[in-house]
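These are the residues of each chain, in order.
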Amino acid sequence: TIIDTITSGEKKLSSSDTRNDEIGRLAKSLNRMAIINEEQAWIQSGTAEFLELLQKSDSTKHLSQTVISKLCSYLKIGYGVIFILNEDKQCYELFGSYGYNERKHLCNSFKIAEGLSGQCALEKEIILLNNVPEDYVRINSGLGEATPLNLLLIPVIHQDKVQAVVELASFQPFTKSHQTFLQGLIPTLAISLN
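Note that the structure is predicted; figures quoted are calculated from it, not measured.

Taking 1.5 Å per residue as the helical rise, helix α5 (residues 176–193) with its 18 residues ought to reach 26 Å, and the 25 Å between its terminal C-alpha atoms agrees with that figure. The sharpest bend along α5 comes to roughly 30°, located at Leu185, with the proline Pro187 sitting one to four residues further on. Listed in full, the buried residues belonging to α5 are Ser177, His178, Phe181, Leu182, Leu185, Ile186, Leu189, Ala190 and Leu193. Buried positions along α5 lie against α2 (22–56), α3 (60–75), β1 (79–86), β7 (150–158) and β8 (161–170).

Quick look at the structure:
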């Protein structure tokens, strides 16, 4: 029974009780608690993995490539890039990618306020776009290609300076859990890049 599951300390609860009485409402509340517990465990587990990963990197290039690959894998998304600030040139340059396909009309760097990535760096704010235009970016593999529906741009800020911009694209919406996880991870990444 649900009561036995609760008293045993089991965190993953599930009840299919569709009753519209006190027991049914209790079951629905317990199911919501179980989902929240799962999300928190996912965030904590990912954060721990990334903290360990960030400590092992020996160069900015290696760190960037490792982080973007692991990030896309952990979030189960098909595309990601990280642009790092080159202070001498006053622009952000591509340092790591996952699922990235170089295209002729796209450059591997941008200046502040240039395009969406540059706007993200200028405003120091996360940009989330849903229903990305079909010709914006393509995720491809040996089996085919498709346009992602969602785009998330994240500034990596350290001491009020945008050190990098992370751009992620996905077929599925970025959930609140994804965003919470990223908001917790990005400050640590900023310190590592600095």
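Right, let's get into the environment of Ile126. Among the structural elements, Ile126 can be located in the loop between α4 (115–123) and β4 (127–130). Relative accessible area serves as the criterion here: at 37%, Ile126 is assigned to the partly exposed category. In sequence terms Ile126 and Val165 are 39 residues apart; their C-alpha atoms lie 9.5 Å from each other. Other than its neighbours up to four places away in sequence, Ile126 contacts Leu152, Leu153, Ile154, Pro155 and Gln183.

Before going further, it helps to spend a moment on the side chain of Asn150. For Asn150, the location among the structural elements is in strand β7. If we ignore the near neighbours within four places in the chain, the residues touching Asn150 are Leu129, Asn130, Asn131, Val132, Leu168, Ala169, Ser170, Phe171, Gln172, Pro173 and Phe174.

Now for the pattern of salt bridges. Two side chains carrying opposite charge are able to pair once their charged atoms lie near each other. Under the criterion given, the structure shown has five salt bridges. Taking the shortest distance from any N to any O, the salt bridge between Lys161 and Glu87 comes out at 2.8 Å. Remark: Glu87 occurs in the loop between β1 and β2 (91–98) and Lys161 occurs in strand β8; sequence separation between them is 74 residues. The shortest N-O distance in the salt bridge between Lys89 and Glu93 comes to 3.3 Å. Overall, the relative accessible area of 53% leaves Lys89 in the exposed class.

In this structure, β1 lies alongside β2, joined through seven bridges in antiparallel fashion. The partner of Ile82 across the bridge, within β2, is Gly96. Turn length for the β1-β2 hairpin, with the two strands adjacent in sequence and antiparallel, is four residues, and the turn residue Gln90 shows positive phi of about 55°. Here two bridges tie β2 to strand β3 (residues 109–110), and the two strands are oriented antiparallel to one another. Paired with Glu93 across the strands is Ser109, a residue of β3.

Before going further, it helps to spend a moment on the side chain of Asn86. Tracing the backbone through its elements, the reader meets Asn86 in strand β1. With relative accessibility at 17%, the residue Asn86 sits in the buried group. Sequence-distant contacts of Asn86, that is, excluding residues within four places in its chain, are made with Cys91 and Glu93.

About the thresholds
- Every chain begins its residue count from 1, and numbering advances along the sequence as written.
- The model is predicted, so local features are restricted to residues of pLDDT at least 70 and side-chain atom pairs to those at 80 or more, both for listing and for counting; the totals for chains, interfaces and linings are taken over all residues.
- Water and hydrogen atoms were dropped before computing side-chain values, which therefore reflect all heavy atoms in the structure.
- To qualify as a helix, a DSSP run of H or I must reach at least 4 residues; to qualify as a strand, a run of E must reach at least 2; elements of each kind are numbered from the N terminus.
- To estimate how far a helix should reach, multiply one less than its number of residues by 1.5 Å.
- One axis fitted to the seven residues ending at a residue, another fitted to the seven starting there: the angle between these axes is the bend at that residue.
- To sort residues, take the accessible area from a 1.4 Å probe on protein chains only and compare it with the maximum for the residue type: under 20% means buried, over 50% means exposed, and anything in between is partly exposed.
- Whether two residues touch is decided by their heavy atoms; if any such pair falls within 4.5 Å, the residues are in contact.
- Here a salt bridge means any side-chain nitrogen of Lys or Arg lying within 4 Å of a carboxyl oxygen belonging to Asp or Glu.
- Two strands are counted as paired when DSSP detects at least two bridges linking them.

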